[in-house]
Amino acid sequence: MTSPLYDLDELVLQCRNERARNYIREAVSSYRAGAFRAAIVSTWIAVCFDIMQKFHELAIAGDAAAGKEAEALERIRANGDVTAAMRFEKDLLNKAKSPFELVNNLEYIDLTRLYDDRNRCAHPSFVADGEAYSPPGELARLHIRNAVTVLLMHPPAQGKYALDRLLTDVRSQLFPRKVDEAQAWLANGAMRRPRDSLTRNFVAVLIKDYLIGEADYPEKSRYSSALKAVRNLHHQQWNEAVRAHCSPVIRQLDDTKLGVVVEFLSICNEAWSLVEADVSQRVLSFIRELPSDKFDVIENALSFDAFAKEAKKRIARSTVDEIENVFWFDIPASVADRLIDIYLRSRSFSEANKTGRLLTVYASELSVEHAQRIITGSAANEEIVGSFDFPGLLNALHKKTKGVRELGDFVTLLNDSGLGGFADDIPP
């Protein structure tokens, strides 16, 4: 465990604003010297400077209300109006809480106690025995810690304003889809040192937008990169938000919408361990019993180990029509295996032609092992050998399937498999 003095030094370094940091450093020095009244007064001054600086930052960012506060400060300074300055200081915490949401209700109470103690320390006040107010060292240290952790270490926007800014960023077409770039973007803004509540709310909204909204592919890519970036930056708060919000959102969806859940969980796969048991069982059952019009979900399911077993069970029952109706970026090996199984069991020329044409389309994505299996297995099926499209499939395997030419003489391979009669259809 670190010493209390080391903790205070760390707190000084965490202050964002230079002037506030100087006053907190002075407060720490006073605390170490036993000047606890001075420590409390310096801490309050640091809080004032920090809030005023945040008004300026928000004004620059376009906040009209903050702009008015910044203008009022400039008038007070220009006129040297002490009365107005005291009134401004008295209202400072109220404004920080609302409308600017720099602090929440509990944090407001903590800082109000600091303000009250500062008044006791800075103004001539005596207790019944006529002694000057003498706060204990523990109180001074508590105020220093609260000031930094509640306010001084955080960016100016932490409430609804900050959340709206974050969501505006992510919904912008300029927000990066690569996780490392999204992480750099967020780490230099409100996600640099956010309150836990801001992180949790941000993650919750992204989950809802992804699963319930009507986002297109580019939007979902931005949401997923933002979610992964927040996970990297603030893993504990990310886990808490996903555990609290993911399962309830999924429960709202009917079965026809579960495809997007599979997509989401296969991309943000760390969320899978955080969903509740009833939800996980429902998702696995959905994958295992996929309706034909949702068969394209298989591609996402296969990409995630937790879903792959159930996905392969569904593939084992798939039909040529289901496979044909999916636009595959790259046909998965297990889907190609199923297609070859169906092909080698063809019971008519028309079945062989239909499946053979589909295999021809994906010839460049098949493996050498797939090609060998087609060649050796086809020889035993007269419906395939006699089908119109079989020579075209052999030609496609020879020309497009990677590694086939390296096997040796393709004609020899055909001869060895009992398909020598098709050798003349194979170009050199």
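This section reports on the structure supplied with the text. (Residues numbered from 1 in each chain as written. Predicted model: local features only at pLDDT ≥ 70, side-chain atom pairs only at ≥ 80, totals over all residues. Heavy atoms only, no water.)

## Focus: the layout of surface pockets
Here the largest pocket defines a volume of roughly 820 Å³. Lining the largest pocket are 28 residues, with Lys220, Gly259, Val260, Glu263 and Asn300 sitting closest to its centre. Of all the secondary structure elements, the ones that give two or more residues to the lining of the largest pocket are helix 10 (196-212), helix 11 (217-233), helix 13 (258-267) and helix 15 (297-302). Among the elements that make up the lining of the largest pocket, the one with the highest residue count is helix 13 (five residues). Counted by class, the lining of the largest pocket contains 13 nonpolar, six polar and nine charged residues. (1 Å grid on protein atoms, 1.4 Å probe; cavity = no way out; pocket = protein on both sides within 12 Å on 5 of 7 lines; lining within 4 Å. Points joined across faces, edges and corners; volume = space filled by probe spheres on them. Helix = DSSP H or I, 4+ residues; strand = E, 2+ residues; numbered from the N terminus. Nonpolar A, V, L, I, M, F, W, Y, C, P; charged D, E, K, R; others polar.)

## Overview of the environment of Thr168
Within the secondary structure layout, Thr168 lies in helix 8 (residues 160-171). C-alpha of Thr168 to C-alpha of Thr412: the two residues are 244 residues apart in sequence and 63 Å apart in space.

## Quick notes on the packing of helix 13 against helix 14 (residues 277-288)
One can describe the packing of helix 13 onto helix 14 by two numbers: an axis separation of 10 Å at closest approach and a directional angle of 110 degrees. When the axes of helix 13 and helix 14 are compared, the pair comes out roughly perpendicular. Residue-level contacts link Leu258, Gly259, Val261 and Val262 of helix 13 to Arg282, Val283, Phe286 and Ile287 of helix 14. Broken down by class, the residue content of the contact of helix 13 with helix 14 amounts to six nonpolar, one polar and one charged. (Axes fitted to C-alpha atoms, helices over the stretch in contact; angles between N-to-C directions. Parallel < 35°, antiparallel > 145°, perpendicular 65-115°, else oblique. Contact = heavy atoms within 4.5 Å.)

## Regarding the packing of aromatic side chains
Any aromatic ring pair is given by two values, namely how distant the centres are and how the planes are angled relative to each other. For the structure on display, the rule yields eleven aromatic pairs. Here the aromatic cluster, defined as three or more aromatic residues joined through ring pairs, consists of Trp272, Phe304 and Phe307. The residue whose ring lies beneath Lys97 is Tyr108, and the NZ or CZ to ring-centre distance is 4.4 Å. (Phe/Tyr/Trp six-rings, centres within 6.5 Å; stacked < 30°, edge-to-face > 60°. Lys NZ or Arg CZ within 6 Å of the ring centre and 35° of its normal.)

## Brief notes about the pattern of salt bridges
Under the counting rule described, the total for this entry stands at 26 salt bridges. Linking Arg16 and Glu57 is a salt bridge whose minimum nitrogen-to-oxygen distance equals 3.1 Å. Taken together, the residues Arg16 in the loop between helix 1 (4-14) and helix 2 (18-33) and Glu57 in helix 3 (residues 36-60) connect sequence positions 41 residues apart. Judged by relative accessible area, Arg16 falls into the partly exposed class, the value being 32%. By relative accessible area, which is 25% here, Glu57 ends up partly exposed. In the salt-bridge network here, residues are joined through shared partners; they are Arg288, Glu289, Glu310, Lys313 and Arg317. (Salt bridge = Lys/Arg side-chain N within 4 Å of Asp/Glu carboxyl O. Buried < 20%, exposed > 50% of the residue type's maximum accessible area, 1.4 Å probe, protein only.)

Spatial relationships are all this shows, so hold off on functional conclusions.
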